[in-house]
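# What the coordinates show
So you can see what is in the structure, the chains are spelled out below.
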Amino acid sequence: MGERLDVDKPLWDQSTFIGRFKHFAWMTNPLSSLSSTSQLTEAKTLVQEYRVGAEPPGTSTEQVKRAMQLYKSAFHPDSGELGNVFGRMSFQVPGGMMITGAMLQFYKSVPQVVFWQWFNQSFNALVNYTNRNANAPTSTTQLGVAYFSATFSALGTAIGLKKIVEKSSNKLLQRFVPMVAVASANLVNIPLMRQLELMDGITVTDANGEVACQSRVAAKEGIAQVVFSRVAIVVPGMFCLPLIMEKMETKAWFKSRPFFHGPFQVLGVGCFLVLMVPLGCSIFPQYVTISAEKLKSSDLPAYKQLSEKYGENIPDLLYYNKGL
C-alpha cells in the first residue's frame, strides 16, 4: 500500500486556503449523503481497523480514502455518533438549494415568507445540533432558546423589511428580503446555540492534544468566524439569483412559463452552493492557533489555568477547534 495514511488528519495541508478548500469539497460532496447506513458503518469500521493496523489484507489506499470520506462526512468528530442525514455537511448543498430556492421563489405573501423562514431555521437548527461541539453539551432549553430566537429574528426581519419595501416602486428590493432575513438569523442562531462556550470558554489544547484551558476569548473569535463563514455560504446565491431572475423575467419565453421559475432558482442556488459550501468552510482554518501571550493579555482566567497546569513551562502556541 506504500506509505500509510493518518486517518485522523486531512489529506491536504490545512494551513493553506487551497488545501482547506480541497478538504471541504471532498468532505461535503453531496453524493456522500446518498450512502446507506450499512455503507457508512462499514466505512467507520475500516477507518478504525486501519488506525490500529488491523485492516483486511489487500485493502488499498483508495479504499481507505473513500472510507475516510464517508466517515468524516457522516460521523461526529467528537462523539463518533452517526449524524442525522439532513444535518450532515454533505447534505448542505441539496438541502440548502431546495430551501433557499423556495425562499427566493415564494416571497410575495406574508404566509409564504413565514413558512419558508420557519422551515429554513428548523433546518439550520438541525445542522447546528448535528455539528455541535460534543465537548460543550447544549441543554434542551438552550437549543429551544436558540431555535425560537433565530426563527423570530428571521421572521421579524423578513416581515418588517417586506412591509417597508412594499412601499417602494422598485420590486427588485423585495427579492432581497430573504437574504437579509437569513443573514440576520445566523447572527442570532449560532451564538445562542454555542452560548455555553461563550460563558464558560471553548476547550484549548496543547500540541499533544491535551486540554490546556477553557478560553472565552477563543470562543468569541471562533464563533465569530463560524458566523462569517455561514453568511458567506448563503449570501452570494441569494444576492445574485434575484438579479438573474429580474433579467430572465424580461424574456417572454421565460415569463410565460411560471412553473419553471421555482426549479430554475433551486438549480441556480445549487450551482452557487456547490462552490460556496466548501469555500465558506475554507475561509478560516477549523483548528485555530492562539498564543499564550494573547491569553495572558486578554483572557486572564484562561492564562491562570495554563499557569496552574504548566507552571513556568507554558507552551507558546495553543489550539482549539472553532467548529463549522
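Let me begin by describing the structure that accompanies this report. (Residues numbered from 1 in each chain as written. Predicted model: local features only at pLDDT ≥ 70, side-chain atom pairs only at ≥ 80, totals over all residues. Heavy atoms only, no water.)

### Re the environment of Gln174
- Residue placement: Gln174 occurs in helix α7 (residues 172–175).
- Separated by 83 residues in the primary sequence, Gln174 and Arg257 have C-alpha atoms spaced 21 Å apart.
- For Gln174, the contacting residues outside a window of four places in its chain are Tyr107, Lys162, Val165 and Glu166. (Helix = DSSP H or I, 4+ residues; strand = E, 2+ residues; numbered from the N terminus. Contact = heavy atoms within 4.5 Å.)

### Overview of the environment of Gly156
- Among the structural elements, Gly156 can be located in helix α6 (residues 140–165).
- For Gly156, a relative accessible area of 43% translates into the label partly exposed.
- Taking C-alpha positions, Gly156 is 30 Å from Arg216, a pair spaced 60 residues apart along the chain. (Buried < 20%, exposed > 50% of the residue type's maximum accessible area, 1.4 Å probe, protein only.)

### Let's talk about the packing of aromatic side chains
- Following the criterion strictly, the structure yields 18 aromatic pairs and no others.
- Ring geometry for Phe115 and Trp118: centres 5.8 Å apart, planes at 50°, overall tilted. Of this pair, Phe115 and Trp118 both sit in helix α5 (residues 110–130), 3 residues apart, which is roughly one turn of that helix.
- The partly exposed category is assigned to Phe115, whose relative accessible area is 39%.
- Accessibility expressed as a relative area gives 37% for Trp118, which makes it partly exposed.
- One aromatic cluster in this structure is built from Phe106, Phe115, Trp116, Trp118 and Phe119. (Phe/Tyr/Trp six-rings, centres within 6.5 Å; stacked < 30°, edge-to-face > 60°.)

### Here's the deal with the pairing of strand β3 (residues 287–291)
- Only one face of β3 is buried: it carries Val288 and Ile290, and the other face, with Tyr287, Thr289 and Ser291, is open.
- Both β3 and strand β4 (residues 317–321) contribute to a ladder of 5 bridges, which runs antiparallel. Residue pairing for β4: Val288 is matched across the bridge by Tyr320. (Pairing = 2+ DSSP bridges.)

### A short note on the pattern of salt bridges
- Counted under the stated rule, the structure contains 8 salt bridges.
- Arg175 is the salt-bridge partner of Glu249, the closest N and O atoms lying 2.7 Å from each other. Placement of Glu249 in the loop between α10 (216–248) and α11 (252–255) and of Arg175 in helix α7 is noted, with a sequence separation of 74 residues between them. (Salt bridge = Lys/Arg side-chain N within 4 Å of Asp/Glu carboxyl O.)

### Concerning helix α1 (residues 17–27)
- All of the buried residues in α1 are Gly19, Arg20, His23, Phe24, Trp26 and Met27. Axial view of α1: buried residues confined to an arc of 160°, hence all on one face.
- Those residues of α1 hidden inside the fold are in contact with α3 (61–74) and α12 (261–282). (Arc of directions from axis to C-beta.)

### Observations regarding the packing of helix α4 (residues 92–105) against α5
- Viewed as axis vectors pointing N to C, α4 and α5 meet at an angle of 160°, and their least axial separation amounts to 9 Å. Regarding the angle of α4 to α5, the classification is roughly antiparallel. The chirality of how α4 crosses α5 is left-handed. Across the interface between the two elements, Gln92, Gly95, Gly96, Ile99, Ala102 and Met103 of α4 pack against Trp116, Gln117, Phe119, Asn120, Phe123 and Val127 of α5.
- Looking at the contact of α4 with α5 residue by residue, the class counts come to 7 nonpolar, 5 polar and no charged. (Axes fitted to C-alpha atoms, helices over the stretch in contact; angles between N-to-C directions. Parallel < 35°, antiparallel > 145°, perpendicular 65-115°, else oblique. Left-handed = near helix turned anticlockwise from the far one by under 90°. Nonpolar A, V, L, I, M, F, W, Y, C, P; charged D, E, K, R; others polar.)

### Things to note about a nonpolar patch on the surface
- Side chains of Phe115, Trp118 and Phe119 sit close together on the surface and give an oily, nonpolar patch of about 280 Å² of accessible area.
- What makes Phe119 partly exposed here is its relative accessible area of 34%. (Patch = residues over 30% accessible without salt bridge, like charges linked within 9 Å, V, L, I, M, F, W, Y side chains within 5 Å. Areas by Shrake-Rupley, 256 points an atom, 1.4 Å probe, with all protein chains shown as cover.)

What is shown is where atoms sit, not what they do.
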